[in-house]
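Chain residues, written in single-letter form:
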Amino acid sequence: MAKLVCGAVSGITAQTITYPGDTIRRRMQTDGMNGRTQIYRGMIDCYRQIVTKQGHISLFRGWGTNTLRAIPGAGIQFLAYDTYKSILIPKKK
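Quick caveat, the model's predicted, so the values are computed rather than measured. (Residues numbered from 1 in each chain as written. Predicted model: local features only at pLDDT ≥ 70, side-chain atom pairs only at ≥ 80, totals over all residues. Heavy atoms only, no water.)

A. A look at helix α3 (residues 63-88). The end-to-end C-alpha distance of α3 is 36 Å, a good match for the 38 Å that 26 residues give at a rise of 1.5 Å each. Roughly 30° is the biggest bend found in α3, and it falls at A70, with proline P72 one to four residues downstream. Taken together, the buried positions of α3 are occupied by N66, T67, A70, A74 and G75. Where α3 is buried, its residues contact α1 (2-30). (Helix = DSSP H or I, 4+ residues; strand = E, 2+ residues; numbered from the N terminus. Expected span 1.5 Å × (residues − 1). Bend = angle between axes of the 7 residues up to and from the residue. Buried < 20%, exposed > 50% of the residue type's maximum accessible area, 1.4 Å probe, protein only. Contact = heavy atoms within 4.5 Å.)

B. Looking closely at the pattern of salt bridges. Applying the stated criterion across every chain, the model contains three salt bridges. Note that D22 and R26 form a salt bridge whose closest N and O atoms lie 2.7 Å from each other. On the criterion of helical spacing, the pair formed by D22 and R26 is a turn pair, its members being four residues apart in helix α1. By relative accessible area, which is 22% here, D22 ends up partly exposed. Close ionic contact of R41 with D45 constitutes a salt bridge, the shortest N to O distance being 3.5 Å. Overlapping salt bridges bring together D22, R25 and R26 as one network. (Salt bridge = Lys/Arg side-chain N within 4 Å of Asp/Glu carboxyl O.)

C. Spotlight on the side chain of T23. With respect to the element layout, T23 can be found in helix α1. With sequence-adjacent residues up to four places away left out, T23 is seen in contact with S58 and L59.

D. Layout of α1. Taking 1.5 Å per residue as the helical rise, α1 with its 29 residues ought to reach 42 Å, and the 40 Å between its terminal C-alpha atoms agrees with that figure. Within α1, the axis deviates most sharply at Y19, by approximately 50°, and proline P20 lies no more than four positions further along. By the burial criterion, the buried members of α1 are G7, A8, G11, Q15, Y19, P20, T23 and I24. Two residues or fewer after α1 comes G32, characterised by a positive phi angle close to 85°.

Now the structure itself:
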């Protein structure tokens, strides 16, 4: 159970650290879609516009939902890795 919790915590940490970059990536991917004019000139410009117009907190919009989605996956992945590692590479005595 502890390994599952450690995996979940690591998933939350990873999502929190990388989410602002993911937000910028998504905004840039959808920039200029469907014939609309492009708003952003690059990654730095995208960051500046988001923070200036909407504040730093807007970089984390949707973080909660995304984290809830990632928690089980990260926990199971961490547990499975550790379990299979102990099966495939037995500890030396």
